[in-house]
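The residues making up each chain are set out below.
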Amino acid sequence: MPVSSALRHTVSRRQAMGLAALLWGASAWSQEPSAMEKIKARGTLKVAVYKDNGPYSDGPANDLHGLDITLAQALARQLNLKLSLLPFDAGENMNDDLRNMVWKGHYLGYGPADVMMHVPVDRYLMGENKQTLIFGAYVREHLVVLHDPSKIASVYNPEDLVGKTLSAEQGSGAASALMGYRGGLLRTQVSIFKDGIEAAKRVLSGQMDAAFVSRAQAEAAIFAAGEKNKWALSSLTLPGVMPNGWPLGMAVKADNTALATALDQALGALRENGELTKIFQAHGLTLAAP
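Residues numbered from 1 in each chain as written. Predicted model: local features only at pLDDT ≥ 70, side-chain atom pairs only at ≥ 80, totals over all residues. Heavy atoms only, no water.

Draft legend 1. Main features of the nonpolar core. Ranked by internal contacts, the top residues of the largest apolar core, which has 52 residues, are Leu45, Leu71, Leu75, Tyr138, Leu146, Met250 and Leu263. Ignoring anything within four residues of it in the chain, the contact list for Leu71 reads Met117, Tyr138, Leu267, Leu270, Leu276 and Ile279. Leu143, Ala168, Ala177 and Leu236 belong to the second largest nonpolar core, which has 19 residues in total. (Core = buried A, V, L, I, M, F, W, Y, C linked by side-chain atoms within 4.5 Å. Buried < 20%, exposed > 50% of the residue type's maximum accessible area, 1.4 Å probe, protein only. Contact = heavy atoms within 4.5 Å.)

Draft legend 2. Structural view of the packing of helix 7 (residues 196-204) against helix 8 (residues 215-225). Interaxial distance between helix 7 and helix 8 falls to 8 Å at its minimum, and their mutual angle equals 50°. By the criterion of interaxial angle, the relationship of helix 7 to helix 8 is oblique. For helix 7 against helix 8, the interelement crossing comes out right-handed. On the side of helix 7, the interface is formed by Gly196, Ile197, Ala200, Lys201 and Leu204, while helix 8 contributes Gln217, Ala218, Ala220, Ala221, Ile222 and Ala225. Along the lines of polarity and charge, the residues of the contact of helix 7 with helix 8 split into eight nonpolar, two polar and one charged. (Axes fitted to C-alpha atoms, helices over the stretch in contact; angles between N-to-C directions. Helix = DSSP H or I, 4+ residues; strand = E, 2+ residues; numbered from the N terminus. Parallel < 35°, antiparallel > 145°, perpendicular 65-115°, else oblique. Left-handed = near helix turned anticlockwise from the far one by under 90°. Nonpolar A, V, L, I, M, F, W, Y, C, P; charged D, E, K, R; others polar.)

Draft legend 3. Looking closely at the sheet that holds strand 2 (residues 82-88). Read across the sheet, five strands follow the order 2-1-3-10-4 without closing on themselves; strand pairing throughout is mixed. The sheet is open, and its two edges are formed by strand 2 and strand 4 (132-141), each paired on a single side. On average, adjacent strands in this sheet sit at an angle of 30° to one another, irrespective of strand direction. As paired elements, strand 4 and strand 10 (residues 246-253) share seven bridges and run antiparallel to each other. Bridge pairing in strand 10 places Ile134 opposite Ala251. (Pairing = 2+ DSSP bridges.)

Draft legend 4. Layout of the pattern of salt bridges. Throughout the structure, instances matching the rule amount to nine salt bridges. Put simply, Lys38 and Glu32 hold a salt bridge, and the shortest N to O gap is 3.3 Å. Taking relative accessible area as the criterion, Lys38 reaches 42% and is therefore assigned partly exposed. For Glu32, a relative accessible area of 47% gives the class partly exposed. A salt bridge links Asp89 to Lys51; the nearest nitrogen and oxygen atoms lie 3.7 Å apart. Highlighted residues: Asp89 in the loop between strand 2 and helix 4 (94-103) and Lys51 in the loop between strand 1 (44-50) and helix 3 (67-78), separated in sequence by 38 residues. (Salt bridge = Lys/Arg side-chain N within 4 Å of Asp/Glu carboxyl O.)

Draft legend 5. Focus on the packing of aromatic side chains. One pass over the structure, following the stated rule, counts one aromatic pair. Ring geometry for Tyr50 against Phe88: centres 4.5 Å apart, planes inclined by 40°, an arrangement best described as tilted. Within this pair, whereas Tyr50 is found in strand 1, its partner Phe88 is found in strand 2, the two being separated by 38 residues in sequence. The class of Tyr50 is buried, set by a relative accessible area of 8%. (Phe/Tyr/Trp six-rings, centres within 6.5 Å; stacked < 30°, edge-to-face > 60°.)

Draft legend 6. Structural detail: the side chain of Ser234. Mapping Ser234 onto the fold places it in strand 9 (residues 232-234). Here the side chain of Ser234 touches His147 through a polar contact of 2.8 Å, side chain to side chain. (Polar contact = N/O pair within 3.5 Å; in protein donor to acceptor, adjacent residues only side chain to side chain.)

Structure representation (structure tokens):
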């Protein structure tokens, strides 16, 4: 065979092999199951929840409890899936948590989950995290002043708290706002505790006059004590505090729109049949419309 003919034959064969490989690759890619299909095949919904975040998710890893846990169970049931919880420690900020638990996974090999609970449904946060899809607000959280009306009749502004002993959660925006008001007007009156529920309990025990915590934390402490009618929850506007509160929802990887849609529909079903309200009531919490 002449050299030119042999060369043409070799090139032609290589082209054919390359085309076959390309077609096989395209076929294999087209048959790759979607994220939602993988979840259904697995039969389990992996849900990321914060550790030490009472009353939403708290307790030992093998016995977590709280509103987010009960809600995750109900959502998984609506999707005909089993539930697998991935409890995790909060990072430096929400961007870290979304990266570690939703779209990339922790560098130590933990995560990501299919969905993360307790995510602020916030436009700025969405813009900062294009790799995630944030949706499904299930409650609106607020900061409140928990107090005994027999000791503090009413709280309309921070000056009403001058001379009172106050408690707040360590590292929280509530603590920062309270201590920073008017150059530290109330700073010497504020005691810091490990979490908002503990700060609220100090008021219930009479050790502190008032606590500036989330409504859920205050209600959880009152619910555990069984003294609902004795306590007042007052709104307080401070610089740096969102007066209308903030909605809490879920987050999935940006390209998993099928799961987001399914979870949104499941949440809607729970809201319509009254189960969502019952879940909040079972934990002693108010379902504030998001």
